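Remarks on the overall topology
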Amino acid sequence: MSQDTKKNNVPFHINPHIVILSVIVIIVIIIAYKLYVWNIGVPSDYDPNYQTTDFDIEALDIIIPLDPDKLKGHEDDGITTILCLGNDAFALRRNEESGLANRIAAKSGATVYNGSFTNSTVSAVYPVYNAGYSMDALSLSYLAEALCTGDFSRAAEAANYTYEPDTDALTVEMLKGLNMNTVDILCIMYDGIDYVEGRTSDDPNDPYSIIAYTGALRSAITRIQETYPFIRIVLMSHTFCFSFDDEGNYQNGDRSDLGNGTLSHYLRKEIDVASDCGVSLIDNFYGSINEDNYLEYMEDYIHYNEAGHDLLAQRFVDCILTKK
């Protein structure tokens, strides 16, 4: 055999030390590269100097359809009829297209009656009717009593002493002549006046106390449910508003406790009433006009402009009348 043939038959040997060293080198290179990329980082949109007061808000709506059993024996006339009770939220711009009740009618096609009274409140001042303070007759619990008994004598007397006696007298006459058997939905909305006037938010010893905000609500709703079980009741909560300090300066309603809680406390209590009574509640405090957008929808510390009325009307239609 020749010398060349012997060289060709020599087996090829792999040096394990060289292999291990190569693997180590490769790993080191990879690690070094990853460290280099990590150290460079990626572009970030974060601006440490950017500030915002915006935050996510979730509306606390409670939407409860009327129990079909409540409609047994009640004849449906085929017309959606809504009665609105409340104060300035409905009473201002009453005769204008931009008024809240009129906006609800325009957006829904329903027949809407406006039974509101300017500057009225949910709660009463006196636990027993006092003729010396007739405005109590226009508070919610007394209106509910009048609607259920048909006796509007106190309300008619009180209308003579309001800021708009002629208008309020006509409203009393409308309510007196209204056939409640035709009403499908009762929509109740008061602005934050009970809070601003420092009315008691709740009486733990008497859940039906009409001089407490929640007691008057609960009393009115219960009375109407007992007399007109076929009417679906919808509470539209107050929105954000301001109160005043001793010097007459504006105070943020959700930061100022006037002795009975802040605005959000009144909302929580109203939610409790809605849950207890099994009625719907549209949360306008978080879901409509709040601390972030009030300049767009309010014309002063508590009243709404045309855009505000339109927004509130749309919320009602979307929550109650729009099929999901």
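Definitions and cut-offs
- Residues numbered from 1 in each chain as written.
- Predicted model: local features only at pLDDT ≥ 70, side-chain atom pairs only at ≥ 80, totals over all residues.
- Heavy atoms only, no water.
- Helix = DSSP H or I, 4+ residues; strand = E, 2+ residues; numbered from the N terminus.
- Buried < 20%, exposed > 50% of the residue type's maximum accessible area, 1.4 Å probe, protein only.
- Contact = heavy atoms within 4.5 Å.
- Areas by Shrake-Rupley, 256 points an atom, 1.4 Å probe, with all protein chains shown as cover.
- Pairing = 2+ DSSP bridges.
- 1 Å grid on protein atoms, 1.4 Å probe; cavity = no way out; pocket = protein on both sides within 12 Å on 5 of 7 lines; lining within 4 Å.
- Points joined across faces, edges and corners; volume = space filled by probe spheres on them.
- Nonpolar A, V, L, I, M, F, W, Y, C, P; charged D, E, K, R; others polar.
- Phe/Tyr/Trp six-rings, centres within 6.5 Å; stacked < 30°, edge-to-face > 60°.
- Axes fitted to C-alpha atoms, helices over the stretch in contact; angles between N-to-C directions.
- Arc of directions from axis to C-beta.
- pLDDT = per-residue confidence, 0-100.
- Salt bridge = Lys/Arg side-chain N within 4 Å of Asp/Glu carboxyl O.
- Parallel < 35°, antiparallel > 145°, perpendicular 65-115°, else oblique.
- Left-handed = near helix turned anticlockwise from the far one by under 90°.

**Examining the overall build of the protein**
A count of helices and strands for the protein gives 13 helices and seven strands. Out of the 324 residues in the protein, the part that is buried amounts to 43%. Across the protein, every contact between residues at least 6 apart in sequence was considered, and the portion connecting residues at least 24 apart equals 72%. Total accessible area on the protein stands at roughly 17,900 Å², and carbon and sulfur atoms take up 52% of it.

**What about the environment of Leu60?**
Structurally, Leu60 is set in the loop between helix H2 (16–40) and strand S1 (81–86). Overall, the relative accessible area of 24% leaves Leu60 in the partly exposed class. Residues Leu60 and Asp283, 223 residues apart in the sequence, show an inter-C-alpha distance of 5.5 Å. Apart from the residues within four sequence positions on either side, Leu60 is in contact with Leu267, Arg268, Ile271, Leu281, Asp283 and Tyr286.

**Section: the pairing of S1**
Where burial is concerned, most of S1 is hidden: six out of the six residues are buried. Across the two faces of S1 the burial is the same, with Thr81, Leu83 and Leu85 and Ile82, Cys84 and Gly86 all buried. In terms of strand pairing, S1 meets strand S2 (residues 111–114) through four bridges, oriented parallel. Along S2, the bridge assignment pairs Leu83 with Tyr113.

**Topic: empty space enclosed by the protein**
Following the criterion strictly, the structure yields two cavities of 30 Å³ or more and no others. Its boundaries defined by the atoms lining it, the largest cavity holds a volume of some 50 Å³. Contributing to the lining of the largest cavity are Val122, Ile188, Met189, Tyr190, Tyr213, Leu217, Met236, Ser237, His238 and Glu270. The computed volume of the second largest cavity comes to approximately 40 Å³. Lining the second largest cavity we find Asp191, Gly192, Ile193, Asp194, Tyr195, Tyr213, His238, Leu263 and Tyr266. Contributions of two or more residues to the lining of the second largest cavity are made by helix H8 (193–196) and helix H10 (263–277). It is H8 that provides the largest number of residues to the lining of the second largest cavity, a total of three residues. Looking at the lining of the second largest cavity residue by residue, the classes come out as five nonpolar, two polar and two charged.

**Some thoughts on the packing of aromatic side chains**
Scanning the model with the defined rule gives 13 aromatic pairs in all. Considering the side-chain rings of Phe244 and Tyr250, the 5.3 Å spacing of their centres and the 40° angle between planes classify their relative orientation as tilted. One aromatic cluster is present, formed by Phe240, Phe242, Phe244, Tyr250, Tyr294 and Tyr301 through successive ring pairs.

**Things to note about the sheet that holds strand S3 (residues 185–189)**
Taken in spatial order, the five strands line up as S2-S1-S3-S4-S7 in an open sheet, and their pairing is parallel. The outermost strands of the open sheet, each flanked by one partner alone, are S2 and strand S7 (280–282). Adjacent strand axes in the sheet meet at a mean angle of 20° when their direction is disregarded. Against the sheet, helix H9 (residues 213–227) engages S3 and strand S4 (232–236), with an angle of about 160° to S4.

**A look at helix H4 (residues 100–108)**
All of the buried residues in H4 are Leu100, Ala101 and Ile104. The buried residues of H4 all sit within an arc of 105° when viewed along its axis, so they share a single face. In this fold, the buried residues of H4 make contact with S1, helix H3 (88–91), S2, S3 and helix H13 (306–321). Backbone geometry just after H4 places Gly109 at a positive phi near 80°.

**Overview of unusual backbone geometry**
In this structure, Arg93 is a non-glycine residue whose phi angle is positive, near 60°. Looking at the element boundaries, Arg93 is found in the loop between H3 and H4. Phi at Asn119 takes a positive value of approximately 65°, unusual for a residue other than glycine. Assignment of secondary structure puts Asn119 in the loop between S2 and helix H5 (140–149).

**Some remarks on the confidence of the model for the protein**
Per-residue confidence for the protein gives a mean pLDDT of 90; residues scoring 70 or more make up 87%. Predicted confidence for residues 50–55 stays below pLDDT 50, and this span has two contacts to residues more than four positions away or in other chains.

**Some details on the pattern of salt bridges**
Applying the stated criterion to the full structure yields 10 salt bridges. Asp69 serves as the salt-bridge partner of Lys72, at 3.3 Å between the closest nitrogen and oxygen. For Asp69, a relative accessible area of 47% gives the class partly exposed. Of the charged contacts, one joins Arg255 and Glu291 as a salt bridge, the two residues approaching to 2.5 Å between their closest N and O atoms.

**Notes on the packing of H4 against H13**
Contact geometry of H4 with H13 gives a least axis separation of 9 Å together with a crossing angle of 45°. Between H4 and H13, the interaxial angle falls into the category oblique. Here H4 runs over H13; the crossing is right-handed. Contact with H4, carried on its side by Leu100, Arg103, Ile104, Lys107 and Ser108, involves His309, Asp310, Leu312, Ala313, Gln314, Phe316, Val317 and Leu321 of H13 and no other residues of that element.

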